[in-house]
Amino acid sequence: MAMRGITKAYPGCLANDAIDLKLEAGQIHALLGENGAGKSTLVKILYGLLQADSGSIEWCGKPVTIGSPASARELGIALVFQHFSLFESLSVLENISLGMAVAANRRLEDKIIEVSSRYGLPLDPSRQVYTLSVGERQRIEIVRCLLQSPKLLIMDEPTSVLTPQEVSDLFVTLRRLAAEGVAILYISHKLNEIKALCSEATILRGGKRVASAIPDEQSTRSLAALMMGDEIEVPERESRTPSNKVMLQLDNVSLPATELHGVPLTDINLSLHAGEIVGIAGVAGNGQDELMQVISGEVRLLNEHALQIDGKPAGALSPGERRIQGLCTVPEERLGHASVPAMTLSDNVFLTAHNRTGLLTGGLINKTKTNRFAQKVIEQFNVQCNGRRSMASSLSGGNLQKFIVGREIEQQPSVFVVSQPTWGVDAGAAAAIRKSLQAMANAGTAVLVVSQDLDELMLISDRIAALCAGQLSSVYLTTDMTVQHLGLLMGGASISEEATA
Amino acid sequence: MISLQARVEPSKLMGFAAPVIALALTVLAGLILFALLGVPLDKAFYSFFIEPLSSTYELSELGVKAAPLIMIAIALSIGYRANVWNIGAEGQFILGAICGGAVALFFYEIEAWYILPLMVLAGMLGGMLWAAIPALLRTQFNANEILTSLMLTYIAVLLLSLLVNGPLSDPDGYNHAESRMFHAAATLPIILEGTRLHIGAPVALLLVVVVWVLLSRTLLGFALKVNGIAPRAGLYAGFTQKRLIWFSFLFCGAVAGCAGLFEVAGPIGLLLPEISPGYGFTAIIVAFLGRLHPVGIVFAGLVVALSTLGGEAAQINLNLPLAVTGVFQGMLLFFLLATDVLINYRVVWRATGSRA
């Protein structure tokens, strides 16, 4: 397979600029780049979801036009999406048969069992999808692709939702497929994975192909430099001595699932001290959203003593009242939750800052003060925008995240709880956000970080725990913890269990 | 080939231009319709758009028709900003008329200054009561307020009919379905001698200012807007959704009820089975035509009131059915929704065949 001079423009940006890409049978090829580098666009063109403005695609030596995903599948191209397209209330078998437009029958069931056992992807066709873990759901998507005996398998950021153990299982499967002659295009921005798995890499930056490299011959650092352009200042691990003062206390917090297929929280205990960063690891969908809502006050607790801020019961307080008590939070979803997309940055400052910073005078919004606050956040946190009148939706992910985190930090909370602080954020912004979290803790704020990014948690947190199926593990000193241990905790095992096994 | 291309940002210009384009298209389509009906175009245009603006009396009538439309549309716009879809302003209008009118009839023997304020208060409470029902059903049982508020309108219409045929009917009225005439102390003062223009018009303008300040400068207005465009962000900020739903409904109920009372205590002067030419529904068009903005709603209210008067004039001068008003208002909403596409998309010409 070869792509030549692929160009695709969207209104306002050039997503792909004359990109060449060549793949051989049996090769695992990495497509590497930051968020927004044009990886997804290129893949969508290859899979027939988008049409290139110019450029050509060659398949097994012959030029082809791929007009739709159906024609891509006919050629033998299969794609495993980052986001799954599964019906939760149907069984594994039914989901797979839907994708193939054939009736669910015995023969298909046998084939599923055969393929899944051959590639080490254990799967029970009769299970309902909503009972499965994320890793198991991904297996369905992979098996669904393998049933079509593809010649080219595209994996779009497959490991972002997996535990470290699940990742290594996936790699075994991928290597076996490659050995059988399947070409694999592996899309990621995680450098260590690419070094472990891929034999060749194409690196994209800002819609252009900047380099091809053999990952084995490069260091993680040089790959990162290729991917991000210039060297960036990465925060270092810091050691802190937290005080004994408990700023946020959760006592046996339980919450039934609020929606269908939601995750109930069970007996969560946590003490967060002034001047420390506690990290909560976990694969998405294990109760992080629910935990954040309980802490922020979007969901109130029946027992007001189950959650205490600075020793005072706060379980029944609204988010605004909790902010006045000193607790500021940042939810995971930037647009539509942490900010209002169609409002200006000034209005978005007012959204949460009016409780603590006196932006209301005599019942009316004080525009001067609000604007001054917005300007301060923009300057202090180096937010790239067209001033405080820009719509929140016009900012890039990284800049908006800096703005949101900055907005809360500028309110000088005594407890700061943030979910996925650097998810989908470019490396420069991620480094800046992590540094500001460290600076806050050094200044005596109690900081809680909920994240899927293990490297991030290992880097910045003083103590660490994992959330699995709505249950929180014990909290361990990060210095005593390894990524492997953490992976087991994320899978629901406790350290003692693992020690006796 | 014409195709639509998504804009990077919504066009501000088109936000203002779309209603104007819609209006122009409506007039154009209306004239085509008249041409097909064989009506002379110059005469039709004059009847519809010039005659209603030709004298002081005609202009005052425009104010009489526009005042309830603007009042209700302003009140509706608050809810629509907050994603609260109150379709039942017509019913709240009628309940306001019933409750306020009942006060006038109950104190028929007394002519005192306090009768009128009492009627206004009763009208507002009546409208609020009717609006409280869908608010309660929505907040307690999550029932769709579009359906409940709409259905309550028909109950209100029948309730009014029942009352003017029964308890509130004129004892000396030979079983006509109407109440006694309200006496002078129970009728709104006229603000322009020789016309029917009553205090509803200045009240509507006052309301415009109040709501403008509410929406642009207060925490409540901010919370309403956030709840409308990003409800999760509203929860995160700590705004209570149920409280906003209650406020939207009760505010609209009070205003619509007040408008209903103004109508029976003003131009009509008594209770009849049919007191509204659909003000509560037409106000929905006004609210959207005015972009849910207080000032836009004033202009939209005047334009729609003009089409109502124009429809009446066309009925008299050209023998056209009154349904022509409904046709015009329907086309206006239709074209407005169509031109709204231009806010988020631009029209581009593309050579055919370059893309599969």
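Residues numbered from 1 in each chain as written. Chains lettered and ligands numbered in written order. Predicted model: local features only at pLDDT ≥ 70, side-chain atom pairs only at ≥ 80, totals over all residues.

**Student:** Honestly, the domain arrangement of chain A in this entry has me stumped. Any pointers?
**Tutor:** Interface size is commonly expressed as the accessible surface area that is lost when the partners come together. Residues and elements named next belong to chain A. Parsing chain A into structural domains produces domain 1 (2–228) and domain 2 (246–337 + 412–500). One C-alpha centre belongs to domain 1, the other to domain 2, and the line joining them spans 32 Å. Each partner contributes to the interface: domain 1 provides 11 residues, whereas domain 2 provides 12 residues. Broken down by class, the residue content of the side of domain 1 that touches domain 2 amounts to six nonpolar, three polar and two charged. (Domains from an automatic or database assignment. Contact = placed C-beta atoms within 7 Å. Nonpolar A, V, L, I, M, F, W, Y, C, P; charged D, E, K, R; others polar.)

**Student:** Looking at this structure, I do not really get the domain arrangement of chain B. What am I missing?
**Tutor:** All names here are of chain B. Taken as a whole, chain B is organised into domain 1 (1–39 + 320–356) and domain 2 (59–312). A separation of 30 Å is found between the C-alpha centroids of domain 1 and domain 2. At the junction of the two partners, domain 1 supplies 11 residues and domain 2 supplies 10 residues. For the side of domain 1 that touches domain 2, the elements supplying multiple residues, two or more each, are α1 (12–37) and α13 (323–339). Broken down by element, the residue count for the side of domain 1 that touches domain 2 peaks at seven residues, all from α13. (Helix = DSSP H or I, 4+ residues; strand = E, 2+ residues; numbered from the N terminus.)

**Student:** Just to check I follow, could you spell out the pairing of strand β6 (residues 77–80) of chain A for this structure?
**Tutor:** All names here are of chain A. Burial along β6 is two-sided: I77 and L79 and A78 and V80, pointing in opposite directions, are all buried. Pairing of β6 with strand β7 (residues 152–156), which is carried by four bridges, proceeds in the parallel orientation. Bridged to I77 within β7 is L152. (Buried ≥ 20, exposed ≤ 12 C-beta atoms within 10 Å, placed from the backbone. Pairing = 2+ DSSP bridges.)

**Student:** Got a minute to help me understand the sheet that holds strand β12 (residues 265–273) of chain A in this structure?
**Tutor:** Sheets are built from strands paired through backbone hydrogen bonds, the pairs being either parallel or antiparallel. Residue and element names in this part refer to chain A. Read across the open sheet, the four strands follow the order β12-β11-β14-β15; overall the sheet is antiparallel. Where the open sheet ends on each side, the last strands, each with one partner, are β12 and β15 (312–313). Where strand β11 (residues 246–255) meets strand β14 (residues 307–309), three bridges bridge the pair, whose relative direction is antiparallel. For Q249, the partnering residue across the bridge sits in β14 and is Q308. Set on the sheet, helix α9 (residues 288–296) makes contact with β11 and β12; between it and β12 the angle comes to about 55°. (Axes fitted to C-alpha atoms, helices over the stretch in contact; angles between N-to-C directions.)

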